[in-house]
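Each chain, written out:
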Amino acid sequence: MIYPIVKLGEPVLEKPADAVTEFDEGLKKLVEDMFESMYEAHGVGLAAPQIGIGKRIAVIDVTFKEDPNAKLVLVNPEIVHTEGRITSQEGCLSIPDFREKVTRAREVTVKAQDIHGKWFEHTGEDLLARAFLHETDHLNGKLYISHVSALKRDLIKRKVKKLMRAGEWF
Ligand code: NI
């Protein structure tokens, strides 16, 4: 099932998500649906709150279908180590058509559970590191625009409000 992507302005995006405690068939199905929804929206990462579900689940595929082994599911993820700094353009499916430069760690280790509840650690660099941070932020109710200057953030919010008024946002 393909879910519509929830956009900036929906409270679910700015609330910390709840920990996953049941590793059942429902979780497996939800993860499959999240990948489908992410690909449909042409994204390389998706967090459950972005489809309106306040649970600590994220899916990532920075290769966008090229490498099936690159598909990652993070349940209850925590960032355990970061190193270096890199500034790069960043966007979000929940804030379509906007991009801003964001400085983040270049190398990131995440600790998470898989769909069976087994804990693992994964270290990523560059785009993958950025995805770990971006998606974990989502699960903490934080959007990437919280990492840009107040001036730029207010400008984006003003433009989004204009789009909302014109009925071109939700
Ligand atoms: Ni996002």
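From a predicted model like this one, the values you see are computed outputs, not experimental measurements.

A few words on the pattern of salt bridges. Going through the model one piece at a time under the given rule, you end up with 7 salt bridges. In this structure, Arg104 engages Asp137 in a salt bridge whose closest nitrogen and oxygen atoms are separated by 3.2 Å. With Arg104 in strand S5 (residues 100-104) and Asp137 in helix H2 (residues 126-139), this residue pair connects regions lying 33 residues apart in the sequence. Taken as a pair, Arg104 and Asp137 share a single burial class, namely buried.

Around the nickel ion, the protein supplies Cys92 (SG), His134 (NE2) and His138 (NE2) as donor atoms, at distances of 2.0 to 2.2 Å. Taking relative accessible area as the criterion, Cys92 reaches 8% and is therefore assigned buried.

What characterises a pair of aromatic rings is the spacing of the ring centres plus the angle enclosed by the ring planes. One pass over the structure, following the stated rule, counts 3 aromatic pairs. Ring centres of Tyr39 and Phe64 lie 5.3 Å apart, and the angle between their planes is 85 degrees; on these two criteria the pair is classed as edge-to-face. Pair noted here: Tyr39 is in helix H1 (residues 25-40) and Phe64 is in the loop between strand S2 (57-60) and strand S3 (72-83), with a separation of 25 residues, a long-range link. Between the aromatic rings of Phe98 and Trp169, the centroid separation amounts to 6.5 Å while the plane-to-plane angle is 65 degrees, which identifies the pairing as edge-to-face. Residue Phe98 is located in the loop between strand S4 (86-90) and S5, and its partner Trp169 is located in the segment after helix H3 (150-165); the two are separated by 71 residues in the primary sequence. Assigned by exposure class, Phe98 and Trp169 land together as buried.

Okay, a negative patch on the surface next. A cluster of like negative charges, contributed by Glu22, Asp24, Glu25, Glu32, Glu36 and Glu40, occupies part of the molecular surface. Position of Glu40 relative to the elements: it lies in helix H1.

In this section: H2. Here H2 is 14 residues long and its end C-alpha atoms lie 20 Å apart, about the 20 Å a rise of 1.5 Å per residue gives. A large share of H2 lies buried, amounting to 12 of its 14 residues. Among all positions in H2, only Leu128, Ala129, Arg130, Ala131, Phe132, Leu133, His134, Glu135, Thr136, Asp137, His138 and Leu139 are buried. Phi turns positive, to about 75 degrees, at Gly141, one or two residues after H2.

This paragraph deals with the pairing of strand S7 (residues 119-125). Sheet topology note: the strand S6 (residues 107-113)/S7 ladder contains 7 bridges and is antiparallel. Within S7, the position partnered with Ala112 by the bridge is Phe120. Counted along the chain from S6 to the antiparallel partner S7, the turn is 5 residues long, and its residue Gly117 has a positive phi close to 95 degrees.

Thresholds applied
- Residues numbered from 1 in each chain as written.
- Predicted model: local features only at pLDDT ≥ 70, side-chain atom pairs only at ≥ 80, totals over all residues.
- Heavy atoms only, no water.
- Salt bridge = Lys/Arg side-chain N within 4 Å of Asp/Glu carboxyl O.
- Helix = DSSP H or I, 4+ residues; strand = E, 2+ residues; numbered from the N terminus.
- Buried < 20%, exposed > 50% of the residue type's maximum accessible area, 1.4 Å probe, protein only.
- Donors = N, O, S within 2.8 Å, 3.2 Å for Na, K, Ca; no water.
- Phe/Tyr/Trp six-rings, centres within 6.5 Å; stacked < 30°, edge-to-face > 60°.
- Patch = residues over 30% accessible without salt bridge, like charges linked within 9 Å, V, L, I, M, F, W, Y side chains within 5 Å.
- Areas by Shrake-Rupley, 256 points an atom, 1.4 Å probe, with all protein chains shown as cover.
- Lys, Arg positive; Asp, Glu negative; His and termini not counted.
- Charge placed at Lys NZ, Arg CZ, Asp CG, Glu CD.
- Expected span 1.5 Å × (residues − 1).
- Pairing = 2+ DSSP bridges.

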